[in-house]
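# A look at the structure
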Amino acid sequence: MSTQEKYVHSLKQIKEGEEKAWAEVQNFKKKVAEDIKSFQIDADKAIAAAKAQGEKLVETSIDQARKNAEIEVKKIIEEAKTKSKTISSQMDEKTIHGILDILLKGVE
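Criteria and thresholds
- Residues numbered from 1 in each chain as written.
- Predicted model: local features only at pLDDT ≥ 70, side-chain atom pairs only at ≥ 80, totals over all residues.
- Heavy atoms only, no water.
- Helix = DSSP H or I, 4+ residues; strand = E, 2+ residues; numbered from the N terminus.
- Rg over C-alpha atoms; globule rule 2.2 N^0.38 Å.
- Areas by Shrake-Rupley, 256 points an atom, 1.4 Å probe, with all protein chains shown as cover.
- Lys, Arg positive; Asp, Glu negative; His and termini not counted.
- Charge placed at Lys NZ, Arg CZ, Asp CG, Glu CD.
- Buried < 20%, exposed > 50% of the residue type's maximum accessible area, 1.4 Å probe, protein only.
- Salt bridge = Lys/Arg side-chain N within 4 Å of Asp/Glu carboxyl O.
- Patch = residues over 30% accessible without salt bridge, like charges linked within 9 Å, V, L, I, M, F, W, Y side chains within 5 Å.

### Brief notes about the overall build of the protein
Helix and strand counts for the protein stand at two helices and zero strands. A compact globule built from 108 residues should have a C-alpha radius of gyration of about 13 Å, whereas the protein, at 44 Å, is more than 25% larger. Overall size of the protein, expressed as C-alpha extent along the three principal axes, is 135 × 30 × 15 Å. Carbon and sulfur atoms make up 61% of the accessible area of the protein, which totals about 10300 Å². Taking the average location of the 20 positive side-chain charges in the protein and that of its 20 negative ones, the two points are 4 Å from each other.

Next up, the structure:
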């Protein structure tokens, strides 16, 4: 093989190597782009799931707080009823006269 043929053969090998490397780079680039897209989709799904879970947790917390408040209000009402019955049963004649005097003074 002559020097010129060797040179041409070397150039062809270099060109084939460049083309092979270019193809590998393009394939890798395509794979990375697909991976990024896949990660983005997965991240979006995870964010949506976390948001839904957070909203459900907030709703549950609000419902529980409402139930606790209702229970507390019922306790307060029952306690007030009990105290009012106790107070009304403890009123004696002197207390009633005192209340009437106060009310009648306001009328004068």
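Additional details are given in the paragraphs that follow.
### Side note on the environment of K37
Along the chain, K37 falls in helix α1 (residues 3-90). What makes K37 exposed here is its relative accessible area of 57%. Distance in space between the C-alpha atoms of K37 and A65 is 42 Å, their sequence separation being 28 residues.

### Some points on the pattern of salt bridges
What the rule picks out here adds up to three salt bridges. The residue D63 makes a salt bridge to R66 at a minimum N-O spacing of 3.1 Å. Taken together, the residues span about one helical turn, with D63 and R66 both in helix α1 at a distance of three residues. Residue classification places R66 among the partly exposed residues on the basis of a relative accessible area of 46%.

### What about a nonpolar patch on the surface?
Residues I96, I99, L100, L103 and L104 make up a contiguous nonpolar surface patch of about 440 Å² in total accessible area. For L103, the position within the fold is in helix α2 (residues 93-107).

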